[in-house]
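# Descriptive analysis of the structure
Chain residues, written in single-letter form:
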Amino acid sequence: MIFAIICRDRPGHLETRMSTRPEHVEFLNGLNENGALKFAGPFLDDEGKPCGSLVAVEAEDQAATELIAAADPYALAGLFESVEIRAWNWVFNNPENA
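Anyway, here's the lowdown on the structure attached to this text. These numbers come from a predicted model, not from an experiment. (Residues numbered from 1 in each chain as written. Predicted model: local features only at pLDDT ≥ 70, side-chain atom pairs only at ≥ 80, totals over all residues. Heavy atoms only, no water.)

### A look at the packing of aromatic side chains
Going through the model one piece at a time under the given rule, you end up with four aromatic pairs. When the centroid spacing of 5.3 Å and the interplanar angle of 85° are considered together, the rings of F39 and W90 count as edge-to-face. Remark: W90 occurs in the segment after β4 (80-88) and F39 occurs in strand β2 (residues 37-44); sequence separation between them is 51 residues. Take F39: its relative accessible area is 29%, and that puts it in the partly exposed class. Taking relative accessible area as the criterion, W90 reaches 16% and is therefore assigned buried. Both rings, one in Y74 and one in F80, keep their centres 6.1 Å apart while their planes meet at 85°; by these two values the pair is edge-to-face. Under the relative-accessibility criterion, F80 is labelled buried at 8%. Here a set of aromatic residues connected by ring pairs shows up, and it is made of F39, W88 and W90. (Phe/Tyr/Trp six-rings, centres within 6.5 Å; stacked < 30°, edge-to-face > 60°. Helix = DSSP H or I, 4+ residues; strand = E, 2+ residues; numbered from the N terminus. Buried < 20%, exposed > 50% of the residue type's maximum accessible area, 1.4 Å probe, protein only.)

By themselves these figures say nothing about function.
Here you go:
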């Protein structure tokens, strides 16, 4: 099942995001290599600066997704103000159904 991990950054923590980004990208590359990562990218504020994240992963269940979210270097660095995990059904433009 696909789960969307929806993260909102703490206000004023852009430097935390930028300094932790290499580890975060490495983490996502690892998820991608094992086939868990479906897509990912930052939310942008009105000035075009990152202010959160959307990471979609394939996982067995909510608990497995929570472990993935907790292991993200951004989460470990305390970047996120909130994290929401929602089961998601990829209906349109799913490349696996093409």
